[in-house]
Amino acid sequence: MIIDSDKHPEQNLFFIGARLIECIKKSKKLEIEIEILLEDYNNHYKKISIDYLLLGLDWLYILGFIDINEKGNICI
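Heads up: these notes are all about the structure in this document. No experiment lies behind these values; they were computed from the predicted model shown.

1. As for the overall build of the protein
Looking only at helices and strands, one finds three helices and three strands in the protein. Mapped from its N terminus to its C terminus, the protein presents α and β elements in the order α-β-α-α-β-β. Taking the principal axes of the C-alpha coordinates as reference, the protein spans close to 35 × 25 × 20 Å. Counting only residues that meet the buried cut, the protein has 34% of its 76 residues in that class. Across the protein, the fraction of contacts at a sequence separation of at least 24, relative to all contacts at a separation of at least 6, is 45%. Carbon and sulfur atoms form 58% of the exposed surface of the protein, whose accessible area is close to 5,200 Å². Treating the 9 positive side-chain charges of the protein as one cloud and the 13 negative ones as another, the clouds have centres 8 Å apart.

2. Focus: the sheet that holds strand E2 (residues 67–68)
Note on sheets: strands pair through backbone hydrogen bonds, and any given pair is parallel or antiparallel. Across the sheet, three strands lie side by side as E1-E3-E2; this open sheet has antiparallel pairing. Here the strands that pair on one side only, and so sit at the sheet edges, are strand E1 (31–32) and E2. As paired elements, E2 and strand E3 (residues 74–75) share two bridges and run antiparallel to each other. Looking at the pairing, Ile68 lines up with Ile74 of E3.

3. Side note on the packing of helix H2 (residues 34–44) against helix H3 (residues 50–63)
Where H2 contacts H3, the axes come no closer than 11 Å and their chain directions differ by 110 degrees. Between H2 and H3, the angle falls in the class roughly perpendicular. Contacts from Ile34, Leu37 and Leu38 in H2 reach Ile50, Leu53, Leu54 and Leu57 in H3. Here the contact of H2 with H3 is composed, by residue class, of seven nonpolar, no polar and no charged.

The rules behind the values
- Residues numbered from 1 in each chain as written.
- Predicted model: local features only at pLDDT ≥ 70, side-chain atom pairs only at ≥ 80, totals over all residues.
- Heavy atoms only, no water.
- Helix = DSSP H or I, 4+ residues; strand = E, 2+ residues; numbered from the N terminus.
- Buried < 20%, exposed > 50% of the residue type's maximum accessible area, 1.4 Å probe, protein only.
- Contact = heavy atoms within 4.5 Å.
- Areas by Shrake-Rupley, 256 points an atom, 1.4 Å probe, with all protein chains shown as cover.
- Lys, Arg positive; Asp, Glu negative; His and termini not counted.
- Charge placed at Lys NZ, Arg CZ, Asp CG, Glu CD.
- Pairing = 2+ DSSP bridges.
- Axes fitted to C-alpha atoms, helices over the stretch in contact; angles between N-to-C directions.
- Parallel < 35°, antiparallel > 145°, perpendicular 65-115°, else oblique.
- Nonpolar A, V, L, I, M, F, W, Y, C, P; charged D, E, K, R; others polar.

Quick look at the structure:
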């Protein structure tokens, strides 16, 4: 499930988005590459696929929490 998942909260966009924000804040950089963000997420939390990472990033972008620069890196 993308939004409502009682059995697998790690596949919920709210859950993934919150964890992505934590990873970005822990990096203490103004920008982070998607590959590094996925690696950091998978090292600290239950592993997710690139598809779920991109859905989470889309969610955060729509909400205005992140932006993407001209190099394709995630910016806060």
